Amino acid sequence: MSEEHIENLSVGDTIKPQLRMVDLNLLTVFDAVMQVQNITRAAQMLGMSQPAVSNAVARLKIMFNDELFVRYGRGIQPTARAYQLFGSVRQALQLIQNELPGAGFDPLTSDRTFNLCVCSPLDNQLTSLIYNQVKQAAPNIQLLFKSSLNQNIEHQLRYQETEFVIGYDEFRRPEFNCIPLFRDEMVLVASSEHPRVNNLLREGDVYREHHAVVSLERFASFSAPWYDSVEKQACIAYQGTALTSVLNVVSQTQLVAIAPRWLAEEFSDSLNLQITSLPLKLNSRTCYLSWHEAAARDKGHQWMEELLTQVCHR
């Protein structure tokens, strides 16, 4: 192509897809449908009629050359392409929303819902603190808590099905933000009647005892880092669903368990437990607040990030 021809090309003559030919209002429909995965509820959220949303979805399918949504039970299920688009579309809409006149987030009037995962055993200490602090600062905001991760957690964070994770596991992919909140000392816990706890001074002594743990079959089990070999797993005599139930079993047997000091001390009197230092290399763990970078420009998300950091930092 000659230089003269290139100079005569207008913006409309470029070979790239024509963004000006796209109805960008369709993207707000896509975002709403992805969030609720139901045409009727998306219409209610947007203040549109159901036929109008259905028509918008049909146009979106043509725009992206993909089905995007397929029927699933009483709702609809996004396709792989829809999930692929969702993070980018939501981030773009948030960037635009943040630049509009009067755009902002007012916690006193917002009725937004936040989905949080406060991983066990941290939920014992942090869930009530977070709930009470949010209700004081933003009485109309709804909080939905869960206490365990699953294998889809990165997907859930990416598409903001879960917005924040507070836990001992660090997300190492570059698209995740993780900030350290505090570091917990880990201790060895046993019944006050256990005859040998004060003599467990070396790693070999610890693993010669029978242990109670949080089930290693659970995704991101709290106990898993201490039982990373067949030899170490051989000492496990009980696997429970939560660390509180593990401590209860320990209190009535000669089993031992590894737990955060604050949790062990919380139950030491009621369960008649004894606590001793943990003679292992891994004797502390850092708690992180994590989220996906796609949500970072959302002012409501920023407000919640700051509140969680203040509440949980110690």
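Let us look at the structure shown here. Counting of residues starts from 1 at the beginning of each chain's written sequence and follows it residue by residue. Totals for whole chains, interfaces and linings use every residue, but because this is a predicted model, local features are given only for residues with pLDDT of at least 70 and side-chain atom pairs only at 80 or more, for both listing and counting. Water and hydrogen atoms were dropped before computing side-chain values, which therefore reflect all heavy atoms in the structure.

## Digging into the overall build of the protein
The secondary structure listing takes helices from DSSP runs of H or I that are at least 4 residues long and strands from runs of E that are at least 2 residues long, numbered from the N terminus. Along its length, the protein carries twelve helices and eleven strands. For a compact globule the rule gives 2.2 Å times the number of residues to the power 0.38, and the radius of gyration it is set against comes from C-alpha atoms. The C-alpha atoms of the protein give 26 Å as radius of gyration, which overshoots the globular expectation for 314 residues (20 Å, by more than 25%). In terms of its C-alpha atoms, the protein occupies a principal-axis envelope of roughly 90 × 50 × 40 Å. Burial here depends on accessible area, computed with a 1.4 Å probe over protein chains only, as a share of the maximum for the residue type. Under 20% is buried, over 50% is exposed, and the range in between is partly exposed. Looking at the 314 residues of the protein, the share that counts as buried comes to 43%. Residues count as neighbours in contact if any of their non-hydrogen atoms are within 4.5 Å of one another. Looking at the protein alone, contacts between residues at least 24 apart form 70% of all its contacts between residues at least 6 apart. In this description, accessible areas are obtained by the Shrake-Rupley approach with a 1.4 Å probe, and a residue is regarded as covered only by the protein chains that are shown. A total of about 17,300 Å² of accessible surface is found on the protein, and carbon and sulfur atoms cover 48% of it.

## Quick word on the pairing of strand 9 (residues 256–260)
With five of five residues buried, strand 9 lies mostly within the body of the structure. Following DSSP output, two strands are said to pair if at least two bridges run between them. In terms of strand pairing, strand 6 (residues 176–191) meets strand 9 through five bridges, oriented antiparallel. Within the sheet, the bridge partner assigned to A190 lies in strand 9 and is V256.

## Structural notes on helix 2 (residues 25–36)
Compared with an ideal rise of 1.5 Å per residue, which puts twelve residues at 16 Å, helix 2 spans 18 Å between its outermost C-alpha atoms and is within 8% of the ideal. In terms of burial, helix 2 is a largely internal element, nine of the twelve residues being buried. Residues L26, L27, V29, F30, D31, A32, V33, M34 and V36 constitute the buried set of helix 2. Directly after helix 2, the chain includes Q37, whose backbone phi takes a positive value near 50 degrees. A helix is expected to reach a length of 1.5 Å times the quantity of its residues less one.

## Structural notes on helix 10 (residues 243–251)
Residues L243, V246, L247, V249, V250 and S251 constitute the buried set of helix 10. On the buried face of helix 10, the contacting elements are strand 6, strand 7 (211–214), strand 8 (236–240), strand 9, helix 11 (261–271) and strand 10 (273–277).

## Digging into the side chain of E175
Counting through the fold element by element, E175 comes out in the loop between strand 5 (164–167) and strand 6. Setting aside anything within four residues of it in sequence, one finds E175 in contact with R158, W291, H292 and E293.

## Re the packing of aromatic side chains
In this analysis, rings of Phe, Tyr and Trp, with Trp reduced to its six-membered ring, are considered paired at centre separations within 6.5 Å, and the interplanar angle assigns stacked below 30 degrees, edge-to-face beyond 60, and tilted for intermediate values. One pass over the full model with this rule turns up eight aromatic pairs. Relative to W303, the ring of F105 has its centre 5.5 Å away and its plane inclined at 45 degrees; by these criteria the two rings are tilted. Of this pair, F105 sits in the loop between helix 5 (80–99) and strand 3 (113–118) while W303 sits in helix 12 (residues 299–312), and the two are 198 residues apart along the sequence. Classification of F105 as partly exposed rests on a relative accessible area of 22%. Among the residues examined, W303 registers a relative accessible area of 18% and is labelled buried. Ring centres of Y207 and Y227 lie 6.1 Å apart, and the angle between their planes is 90 degrees; this geometry places the pair in the edge-to-face category. Placement of the pair is Y207 in helix 8 (residues 203–208) and Y227 in the loop between strand 7 and helix 9 (230–233), with a sequence separation of 20 residues. The burial state of Y207 is the same as that of Y227; both residues are buried. Grouped by ring-pair contacts, the aromatic residues F30, F64 and F69 constitute a single cluster.

## Comments concerning the pairing of strand 3
As paired strands, strand 3 and strand 4 (residues 142–146) are joined by five bridges and run parallel to one another. Each bridged residue has a counterpart across the sheet, and for F114 the counterpart in strand 4 is L143. With the strands aimed away from the viewer, a crossover counts as right-handed if its path from the first strand over the helix to the second runs clockwise. Viewed along the sheet, the connection from strand 3 through helix 6 (residues 123–137) into strand 4 turns out right-handed. Bridge count for strand 3 against strand 5 is three bridges, and the pairing is parallel. Opposite C117, over in strand 5, you have V165 as the bridge partner.

## What to know about the environment of S147
Note on placement: S147 falls in the loop between strand 4 and helix 7 (153–158). Along the chain, S147 and P121 lie 26 residues apart, while their C-alpha atoms are 8.1 Å from each other. Those residues within four positions of S147 in sequence are excluded, and the remaining contacts are C117, V118, C119, S120 and D123.

## Some details on the nonpolar core
Here, nonpolar core refers to any group of buried Ala, Val, Leu, Ile, Met, Phe, Trp, Tyr and Cys residues whose side-chain atoms link them within 4.5 Å. Grouped together as the largest cluster of nonpolar side chains are 57 residues, with contacts concentrated most on I130, I166, W226 and M304. The dominant element in this core, judged by the number of residues it contributes, is strand 6, at seven residues. Among all residues touching I130, those that are not within four sequence positions of it are L116, V118, L143, F145, I166, L308, V311 and C312. Grouped together as the second largest cluster of nonpolar side chains are 25 residues, A32, I39, F69 and A82 included.

Any functional reading would require information that these geometric values do not contain.
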